[in-house]
Amino acid sequence: MTQNLILKINELAKKKREQGLTEQEQKLQKELYKEYLAQFRSNFKNQLNNVDVEYPDGKVVPLTDFKKK
């Protein structure tokens, strides 16, 4: 995630609390939230793909195989 995206989201959130947003700013805020969530979900899925499950007997299985059972 880019730091600029987060800064812009926070800037619009602060302005919304303090004085309100114009219609154009509200649309921009929604678009930024969608982009942020898409990036977050993608990063989270990639992280889960790198997780392994270790059984008590020492067998290690990737989480993707674990979910299929």
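Above: the structure in question.
A brief report on the enclosed structure follows.

### Remarks on the pattern of salt bridges
Part 1 of the reasoning: Applying the stated criterion to the full structure yields two salt bridges.
Part 2 of the reasoning: As a salt-bridge pair, E11 and K8 come within 3.5 Å of each other at their nearest N and O atoms. With E11 and K8 both in helix 1 (residues 3-18) and three residues apart, the pair spans about one turn of that helix.
Part 3 of the reasoning: The class of E11 is partly exposed, set by a relative accessible area of 48%.
Part 4 of the reasoning: Under the relative-accessibility criterion, K8 is labelled partly exposed at 32%.
Part 5 of the reasoning: Of the charged contacts, one joins E25 and K15 as a salt bridge, the two residues approaching to 2.5 Å between their closest N and O atoms. You can see E25 sitting in helix 2 (residues 23-49) and its partner K15 sitting in helix 1, a full ten residues away along the chain.

### Some thoughts on the environment of Q39
Part 1 of the reasoning: Take Q39: it is sitting in helix 2.
Part 2 of the reasoning: Residue classification places Q39 among the partly exposed positions, given a relative accessible area of 23%.

### Regarding the packing of aromatic side chains
Part 1 of the reasoning: Summed over the entire model, instances satisfying the criterion amount to two aromatic pairs.
Part 2 of the reasoning: Each ring, one from Y36 and one from F40, has its centre 6.5 Å from the other, and the planes form 25°; the classification is stacked. Of the two residues, Y36 and F40 both sit in helix 2, four residues apart, roughly one turn of that helix.
Part 3 of the reasoning: Pairing F40 with F44 gives two aromatic rings, centres 6.2 Å apart and planes at 10°, and the pair type is stacked. Pair noted here: F40 and F44 are both in helix 2, with a separation of four residues, about one helical turn.
Part 4 of the reasoning: Since its relative accessible area comes to 44%, F44 is described here as partly exposed.
Part 5 of the reasoning: Connected via pairs of aromatic rings, a cluster forms that spans Y36, F40 and F44.

### Looking at the packing of helix 1 against helix 2
Part 1 of the reasoning: For the pair helix 1 and helix 2, the least separation of the axes is 10 Å and the interaxial angle reads 140°. Taken together, the axis directions place helix 1 and helix 2 in an arrangement best described as oblique. Our pair here, helix 1 against helix 2, has a crossing hand that is left-handed. Contacts from L5, I6, K8, I9, L12, A13, K15 and K16 in helix 1 reach E25, L28, Q29, L32, Y33, E35, Y36 and Q39 in helix 2.

What counts and how
- Residues numbered from 1 in each chain as written.
- Predicted model: local features only at pLDDT ≥ 70, side-chain atom pairs only at ≥ 80, totals over all residues.
- Heavy atoms only, no water.
- Salt bridge = Lys/Arg side-chain N within 4 Å of Asp/Glu carboxyl O.
- Helix = DSSP H or I, 4+ residues; strand = E, 2+ residues; numbered from the N terminus.
- Buried < 20%, exposed > 50% of the residue type's maximum accessible area, 1.4 Å probe, protein only.
- Phe/Tyr/Trp six-rings, centres within 6.5 Å; stacked < 30°, edge-to-face > 60°.
- Axes fitted to C-alpha atoms, helices over the stretch in contact; angles between N-to-C directions.
- Parallel < 35°, antiparallel > 145°, perpendicular 65-115°, else oblique.
- Left-handed = near helix turned anticlockwise from the far one by under 90°.
- Contact = heavy atoms within 4.5 Å.

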